[in-house]
Amino acid sequence: MGLTKKNIVIGGTGFIGSALVQELVRCGEKVVSISRHIPEEKISGVEYFALNVESETEKLQAILGNGNTIFLLTGQNYANFDSEKEKKIFEIILDAVRNSAPEKVFFASSALVYGNCEVSTSEEDECDPKDAYGIFKSECELLIEKKLNDTPVGILRLANVYGSEKNKGFVGLVFKKALAGEGMKVNGDGMQERDYIFIDDVVSALIAVRDGLYDSDVINIATGKSLTLLDVIRLAEEASGRQVSYEITGIPVDEVNTSRIDASKLKEKYGFEAKMLLAEGLRKTWDRYQGGNIRLG
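Model, not experiment: these values are computed from the prediction.

Conventions we followed
- Residues numbered from 1 in each chain as written.
- Predicted model: local features only at pLDDT ≥ 70, side-chain atom pairs only at ≥ 80, totals over all residues.
- Heavy atoms only, no water.
- Buried < 20%, exposed > 50% of the residue type's maximum accessible area, 1.4 Å probe, protein only.
- Helix = DSSP H or I, 4+ residues; strand = E, 2+ residues; numbered from the N terminus.
- Right-handed = clockwise from strand over helix to strand, strands pointing away.
- Axes fitted to C-alpha atoms, helices over the stretch in contact; angles between N-to-C directions.
- Parallel < 35°, antiparallel > 145°, perpendicular 65-115°, else oblique.
- Left-handed = near helix turned anticlockwise from the far one by under 90°.
- Contact = heavy atoms within 4.5 Å.
- Nonpolar A, V, L, I, M, F, W, Y, C, P; charged D, E, K, R; others polar.
- Phe/Tyr/Trp six-rings, centres within 6.5 Å; stacked < 30°, edge-to-face > 60°.
- Lys NZ or Arg CZ within 6 Å of the ring centre and 35° of its normal.
- Core = buried A, V, L, I, M, F, W, Y, C linked by side-chain atoms within 4.5 Å.
- Expected span 1.5 Å × (residues − 1).

Before going further, it helps to examine the pairing of strand β6 (residues 153-158). Of all the six residues making up β6, six are buried; the element is thus mostly covered by neighbouring parts of the structure. Where burial is concerned, the two faces of β6 agree: the one with Val 153, Ile 155 and Arg 157 and the one with Gly 154, Leu 156 and Leu 158 are both buried. The parallel pair strand β5 (residues 104-110) and β6 is bridged by helix α4 (residues 132-147), and the resulting crossover is right-handed.

This is how it looks when you write it as structure tokens:
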């Protein structure tokens, strides 16, 4: 029997992080979660640390020194996202990661770094981010290239992840409105296209890439299929059995209009292909919203 893997997940209490640490523990692996707060409901088998990395860098360094693999899931989007503050925090974390000399590092970037993708976009295509969040993730990728050039790093360009009430994206908004029986506004024309990938598939993809990565690489984590915002509302109505009233505002939005992502490297090089179709994923998500449960499966 080989040595048990030691995983450190920075951002381990967030939407993706909490699902990842749960699955790693289920697989019998050791997991450390570092975040700003310790959750009220802890996952058994996870060692939790709440840190302010700006003032507790020595403690962060000490914890990171005990890990084989480090997942960087920090800097996820939120209301009034402060990119400059988040970039400063991320740079502090990278310095600590570099000094800890882990075996592998994985960074949750975003498919938004590509900007508008009218055709299926692969990892070799040029990045041209259009919104503040996409620009932030692109800058973080450059910082990694500068600071971790001696460490195998997986840059994970995630499509739109959904799958539980922890998610704050468009799917989450639609289901919250459905639960409350409220209408919603859709800016633009509602035809903005996105690739939506279920959280269970994302977690499985992260583990597959972790196990298969030996040299630094960039990997799209996506389904390779895109749907419009109006498609999502329609499918969410079918999944929930509730009508979601909405108003198309026509107000221009400062965001990517079309995102079409090539997921072939994930399948061909790392042996993983997303399995969950959006219709079925939305049904599972609706069940989780009603039950308050983020468990996989």
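Now that the structure is up, let's keep going.
All right, on to the packing of helix α5 (residues 170-180) against helix α7 (residues 229-240) then. Two elements in contact, α5 and α7, have axes whose closest approach is 10 Å; the angle formed by their N-to-C orientations is 45°. By the criterion of interaxial angle, the relationship of α5 to α7 is oblique. The chirality of how α5 crosses α7 is right-handed. Together, Phe 170, Val 171, Val 174 and Phe 175 of α5 and Leu 229, Val 232, Ile 233, Ala 236, Ala 239 and Ser 240 of α7 make up the contact between the two elements. Considering only residue class, the contact of α5 with α7 consists of nine nonpolar, one polar and no charged.

Once that is clear, we can look at the packing of aromatic side chains. Inspection of every chain in the model, using the stated rule, returns six aromatic pairs. An aromatic cluster of at least three residues, connected via ring pairs, comprises Phe 175, Trp 286 and Tyr 289. Its guanidinium or amino end placed over the ring of Tyr 214, Lys 104 lies 5.1 Å from that ring's centre, counting from NZ or CZ.

The next thing to look at is the nonpolar core. Soluble globular proteins: nonpolar side chains tend toward being buried together. One finds Ile 16, Leu 20, Val 202, Val 209 and Ile 221 to be the most contacted residues of the largest nonpolar core, which totals 41 residues. Every element with two or more residues in this core is listed here: α1 (15-26), β3 (46-50), β5, β6, α6 (199-212), β11 (217-221) and α8 (264-270). Ignoring anything within four residues of it in the chain, the contact list for Leu 20 reads Val 9, Phe 71, Leu 73, Val 203, Leu 206 and Ile 207. By size, the runner-up hydrophobic cluster in this structure holds 30 residues, among which are Ile 10, Leu 51, Leu 72 and Leu 143.

Another point: α1. Taking 1.5 Å of rise per residue, the twelve residues of α1 would be expected to cover 16 Å, and the 17 Å separating its terminal C-alpha atoms lies within 8% of that figure. Among the twelve residues in α1, ten count as buried, and that is most of the element. Phi for Gly 28, located one or two positions after α1, is positive at around 85°.

These values are about where atoms sit, not about what they do.
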